[in-house]
Amino acid sequence: MSKFEDLANYHELVSDLFKLPNNEDEWEQYKLSDEQVAYYNEYGHLSGIKLLEDWQIERLKNELSEIIDPKHPAHHLFYEYFSNESSDPDSVLFHSLGHWRIGEGFHDILFNPAFTMACSQLLGNKPVRFWHDQLFCKPAFNGGVVAWHQDYSYWTRTTAMQHLTCWTGLDDATTQNGCLYYVPKSHRWGLLDKPELAGNMDGIMEFLSEEQKAEFKPIPIELKKGYASFHHPLMVHGSFENKSEFARRAFVLNVFADGTVSNTNEELLRGVPIIKKGEKMSGKFFPLLFE
């Protein structure tokens, strides 16, 4: 394997970051309880799921520091790359998609058994296929916001809506450094218009009914590094600025149930061959993670 080869060519582990279970008994340790699944279905989110050990986090942090360099030799493999997605230079939000193609560790977290098992259960015990990844990094002192939004409002180019998002911190996430917030049960509100992701924090409010505004009661999701939070594709969520002395770095993995199809005749992601409308999402860039 060339150091800068496109890792999308590999649909299996390429490093020693994880070890896959060999039998059903070994998979058992990663299963969510019935209570956890029921909570997710009721409230639209589930948090506090451990995905990484400290040594794995350090490996990913080191890899992150390399691949975010715009002069990295494999930079062209990113689907999207914003050194600052905010229009305000004093409010910084690094955001990218496609790093699974560049870093071995970020490639292999797709196949982390603690992640794939939870995904299948939360999707109704269905096979899980990869959609795309994201990095959200807020530096200390001047980290920007991620405005209230629903993920699926950006993903209507795929259907049916059977998606799932997993957010994992590489730093402790607190109310001081810009942790995630959810609006519980907002996954039942239906699809709303999408705001500018790094724009006005409250941009979504103009799309809410008076009843929804009355139910808009966000809760903070403070997490220790290496722990994940899963949420429904219609869950309204966002995060505030980071004015603390601590960075807040996180990666996001987005998946959908196998059988999801393209809803467009245009590119689904930059540089990815077109999958015609109505055709199944599959192939090199959308690997099957769990059967």
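Let me begin by describing the structure that accompanies this report.

What counts, and where the lines are drawn
Residues numbered from 1 in each chain as written. Predicted model: local features only at pLDDT ≥ 70, side-chain atom pairs only at ≥ 80, totals over all residues. Heavy atoms only, no water. Helix = DSSP H or I, 4+ residues; strand = E, 2+ residues; numbered from the N terminus. Buried < 20%, exposed > 50% of the residue type's maximum accessible area, 1.4 Å probe, protein only. Areas by Shrake-Rupley, 256 points an atom, 1.4 Å probe, with all protein chains shown as cover. Polar contact = N/O pair within 3.5 Å; in protein donor to acceptor, adjacent residues only side chain to side chain. Salt bridge = Lys/Arg side-chain N within 4 Å of Asp/Glu carboxyl O. 1 Å grid on protein atoms, 1.4 Å probe; cavity = no way out; pocket = protein on both sides within 12 Å on 5 of 7 lines; lining within 4 Å. Points joined across faces, edges and corners; volume = space filled by probe spheres on them. Nonpolar A, V, L, I, M, F, W, Y, C, P; charged D, E, K, R; others polar. Core = buried A, V, L, I, M, F, W, Y, C linked by side-chain atoms within 4.5 Å. Contact = heavy atoms within 4.5 Å. Phe/Tyr/Trp six-rings, centres within 6.5 Å; stacked < 30°, edge-to-face > 60°.

Across its full length, the protein holds six helices and 14 strands. Viewed in the frame of its principal axes, the protein has a C-alpha envelope of about 50 × 40 × 40 Å. Residues counted as buried form 55% of the 291 residues belonging to the protein. Here the protein displays about 12900 Å² of accessible surface, and carbon together with sulfur accounts for 47% of that area.

Moving on, we get to helix α5 (residues 113–122). Here α5 lies mainly inside the structure; 10 of its 10 residues are buried. For α5, every residue scored as buried is listed here: Pro113, Ala114, Phe115, Thr116, Met117, Ala118, Cys119, Ser120, Gln121 and Leu122. With a side-chain oxygen positioned 3.1 Å from the backbone nitrogen of Ala114, the residue opening α5 is Asn112.

Bringing the pattern of salt bridges into the picture now. Taken as a whole, this structure holds 14 salt bridges when the rule is applied. In this structure, the salt-bridge partner of Lys31 is Glu28, at a minimum N-O distance of 3.5 Å. Of the residues examined, Lys31 reaches a relative accessible area of 44% and is grouped as partly exposed. Its relative accessible area of 46% is what places Glu28 among the partly exposed residues. Here Lys280 ties to Asp258 by a salt bridge, and the two come within 3.1 Å at their closest N and O atoms. Placement of Lys280 in the loop between β13 (261–262) and β14 (288–290) and of Asp258 in the loop between β12 (248–257) and β13 is noted, with a sequence separation of 22 residues between them. For Lys280, a relative accessible area of 39% puts it in the partly exposed group. Salt bridges sharing partners connect three or more residues here, namely Glu58, Lys61, Asp171 and Arg249.

Next up on the list: the layout of surface pockets. The calculated volume of the largest pocket comes to roughly 440 Å³. The wall of the largest pocket is formed by 25 residues, among which His95, Gln134, Tyr154, Trp155 and Leu197 lie closest to the centre. Listing elements by their share of the lining of the largest pocket, those giving two or more residues are β3 (94–97), β4 (128–138), β5 (146–149), β7 (163–169), β11 (237–239) and β12. Residue contributions to the lining of the largest pocket peak at three residues, all from β4. Classifying every residue of the lining of the largest pocket gives nine nonpolar, 10 polar and six charged.

As a further point, take the nonpolar core. Among soluble globular proteins, nonpolar side chains are generally buried collectively. Counting residues in each nonpolar core, the largest one holds 60 residues, and the members touching the most others are Phe106, Ile109, Phe115, Phe230, Phe251 and Phe286. Broken down by element, this core gets its largest block of residues, six residues, from α5. Residue contacts for Phe286: discarding those within four places in its chain leaves Arg129, Phe130, Trp131, Leu268, Leu269, Val272, Ile275 and Met281. Counting residues in each nonpolar core, the second largest holds 26 residues, with Leu93, Tyr182, Met201 and Leu223 among its members.

Under the defined criterion, the tally for this structure stands at 15 aromatic pairs. For the ring pair Trp27 and Phe290, a centre distance of 5.4 Å and an interplane angle of 85° mean the geometry is edge-to-face. Placement of Trp27 in helix α1 (residues 24–28) and of Phe290 in strand β14 is noted, with a sequence separation of 263 residues between them. With centroids separated by 6.5 Å and ring planes inclined at 85°, the aromatic side chains of Trp148 and Tyr181 adopt a geometry described as edge-to-face.

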